[in-house]
Amino acid sequence: HPPTPKQAQSVRRSFLPKFTTMHPLATRSPMKVAIIGSGWASYTLGQKLRQGPTLVQRATTWLRHVSQKLTPASASADFSQGDSARSHEVIPISATMISDRNHFLFTPLLASTCTGTVEYRNVAESVRRTLGSPSGAPSRGLTFRLDRVQRLEPVTRDGPDGQDVVGVRVCGQEREDHGVFDVVVVGIGALPAFHGTPGAREHAVTLRSIADARHVRRRLLAGLETASNESLGLEQRKAAVSFVFVGSGPTSVELVAELHDFLVQDAAKVYPIAAPLVQMTLIEASSQVLSAFSPELGSFAKSTMVRRRGMRVLTNVHPTAVHRDTIDLSDGTTLPHSLVVWSAGVEANPALASMGLRVDKAGYAEADDHLRAPGWSGRVFVMGDCAATSLPKTAQVAAQEAAWVATQLQSVSASTTTTKPPFLYRHL
Ligand SMILES: Cc1cc2nc3c(=O)[nH]c(=O)nc-3n(C[C@H](O)[C@H](O)[C@H](O)COP(=O)(O)OP(=O)(O)OC[C@H]3O[C@@H](n4cnc5c(N)ncnc54)[C@H](O)[C@@H]3O)c2cc1C
């Protein structure tokens, strides 16, 4: 039960100056936090930390703290000598973001940049500009460092149950030592999975960055130009506008739909000779497109796509090799192509294991229900696509986890002894 105003006042007067029990993370002020990555999870966390705890959060922390002290079970343990009268105040956070990308990418709209429906600058946010210190308020905002983190090293001290981790050193590729942090939050995402297909890494393009989107756009336009050149043979012109999409998850299906709209609505007017030659092929290894969704939705998507001119969907077939101008399929056929876009799932980033985090069989970083990496005394959090949880690898999950980690960190005061309840994902 929340304390009555009288109880709260009495606690404030008589007990607050006497607390000695500290939150395990409340080792110094301000708390130094390193955020690794600048994607959905890390950027959301950066935003939340930059905003600081809300008034409601501060009030909740204080009330939680007071009611905690009023419970008979904790009274004897917590009310002893020493400590500061301000121990109930949340500890300020000094955050440093370290990432090998200096911008946040709004991935759901990346496909639209391939056709020019949305401009590149509209899907990218400079981390320095949006999360850095605003002029005139140097104490707010976070520090950004462009680097690829390679290793995390525990700084330990003898504790009652063996060695306690009291800090984490972050080591990067460009800067060997980024310093020791009280807390490190890892959000380095996942990498595209090529499933060992020969030539895929070299000759296919993934859709994960602005550079990838530019590449797709360039190849698309180059293909349309070549196919418009009537002095070339028909087969050569057809091959120039033969686009292959591997994988039929949401990314692939969205891109195919976006490109088809572009080719039908815009390119047909500007490239009237090339547009009728365009052939788009979607390849899916299983029997259903959009296999993460219901079979009804999958069949609807497939039937809608195949009704469109120049579109075909091949299911139960997968690429066995990708070459510069052709792609071999498991049914023995070979298709010519001028562009292969590869969106066949993701795999764990090997950097997680080399950082020293405990990983599962698939290579994802293990985390408990509070998103804490095991073996780091609660000082390393893992969130987003790189975490080995049963949740889908989506921006929604990454952003919710980040917001949760932010409130977790922002409610640490010198006297709070409990952590919040476990992270719970709420599907929108
Ligand atoms: C084209 C596309 C469309 C999508 N559409 C949707 C959608 O509509 N809805 C949805 O919910 N999800 C969508 N997703 C999935 C969503 O983008 C991911 O789930 C989300 O980005 C995961 O966030 P994250 O922060 O874990 O990883 P990421 O966003 O991948 O960020 C990882 C960050 O870590 C950095 N990094 C990597 N290694 C290191 C290292 N060693 N050191 C330092 N930094 C490092 C990277 O540069 C990057 O900044 C889409 C994905 C793609 C590719």
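As recorded by an unreviewed UniProt entry, the protein chain carries the name NADH:ubiquinone reductase (non-electrogenic) and is attributed to Sexangularia sp. CB-2014.

Concerning the sheet that holds strand S8 (residues 180-181)
Whether parallel or antiparallel, the strands of a sheet pair through hydrogen bonds between backbone atoms. Within the open sheet, the three strands sit side by side as S6-S7-S8. Their pairing is antiparallel. At either end of the open sheet lies a strand with only one pairing partner, and these are strand S6 (149-159) and S8. As paired strands, S6 and strand S7 (residues 162-172) are joined by 10 bridges and run antiparallel to one another. Pairing of Glu153 across the sheet is with Arg169, part of S7.

A look at the packing of aromatic side chains
This structure, assessed with the given rule, holds five aromatic pairs. Consider the rings of Tyr43 and Phe104, whose centres lie 4.4 Å apart with planes at 10 degrees: the pair is stacked. With a gap of 61 residues between them, Tyr43 in helix H2 (residues 40-51) and Phe104 in strand S3 (residues 103-105) connect regions that are remote in the sequence. Each residue in the set Trp40, Tyr43, Phe104 and Phe106 is aromatic and connected to the rest through ring pairs, giving one cluster. The ring of Tyr120 carries Arg214 above its face, with NZ or CZ at 4.3 Å from the centroid.

Some thoughts on the sheet that holds strand S15 (residues 326-329)
Read across the open sheet, the three strands follow the order S14-S15-S16; overall the sheet is antiparallel. Sheet topology places strand S14 (319-322) and strand S16 (334-336) at the edges, where each strand pairs with a single neighbour. The average undirected angle you get between the axes of adjacent strands in this sheet is 25 degrees. Here S15 runs beside S16; their pairing, made up of three bridges, is antiparallel. Considered in S16, the bridge of Thr326 is made with Pro336.

With respect to the site of the ligand
The immediate surroundings of the ligand are formed by 28 residues, with Ala41, Asp100, Thr107, Val149 and Asp385 found nearest. The separation between an oxygen atom of the ligand and a polar side-chain atom of Ser99 is 3.5 Å. In the model, an oxygen atom of the ligand is placed 3.4 Å from a nitrogen or oxygen of the Arg101 side chain. In isolation the ligand exposes 990 Å². Once the protein is present, 85% of that is buried. Sort the elements by how many residues they give to the shell around the ligand and helix H13 (residues 395-410) lands first, with three residues. In terms of residue class, the shell around the ligand is made up of 10 nonpolar, 12 polar and six charged.

Digging into empty space enclosed by the protein
Throughout the structure, instances matching the rule amount to three cavities of 30 Å³ or more. Roughly 90 Å³ of internal volume is contained in the largest cavity. Lining the largest cavity we find His260, Leu263, Val264, Ala275, Pro276, Val278, Met280, Arg309 and Gly310. If one sorts the elements of the lining of the largest cavity by residue count, helix H10 (residues 250-270) sits on top with three residues. Across the lining of the largest cavity, the residue classes break down as six nonpolar, two polar and one charged.

Looking at H2
For the α-helix, the turn length of 3.6 residues means that residues three or four positions removed from each other point alike. If you check H2, its first and last C-alpha atoms are 17 Å apart, about what 12 residues at 1.5 Å a residue would give, namely 16 Å. Buried within H2 we find Ala41, Ser42, Tyr43, Thr44, Leu45, Gly46 and Leu49. Two residues or fewer past H2, Gly52 is found with a positive phi of approximately 80 degrees.

The rules behind these values
- Residues numbered from 1 in each chain as written.
- Predicted model: local features only at pLDDT ≥ 70, side-chain atom pairs only at ≥ 80, totals over all residues.
- Heavy atoms only, no water.
- Pairing = 2+ DSSP bridges.
- Helix = DSSP H or I, 4+ residues; strand = E, 2+ residues; numbered from the N terminus.
- Phe/Tyr/Trp six-rings, centres within 6.5 Å; stacked < 30°, edge-to-face > 60°.
- Lys NZ or Arg CZ within 6 Å of the ring centre and 35° of its normal.
- Axes fitted to C-alpha atoms, helices over the stretch in contact; angles between N-to-C directions.
- Near = heavy atom within 4 Å.
- Polar contact = N/O pair within 3.5 Å; in protein donor to acceptor, adjacent residues only side chain to side chain.
- Areas by Shrake-Rupley, 256 points an atom, 1.4 Å probe, with all protein chains shown as cover.
- Nonpolar A, V, L, I, M, F, W, Y, C, P; charged D, E, K, R; others polar.
- 1 Å grid on protein atoms, 1.4 Å probe; cavity = no way out; pocket = protein on both sides within 12 Å on 5 of 7 lines; lining within 4 Å.
- Points joined across faces, edges and corners; volume = space filled by probe spheres on them.
- Expected span 1.5 Å × (residues − 1).
- Buried < 20%, exposed > 50% of the residue type's maximum accessible area, 1.4 Å probe, protein only.

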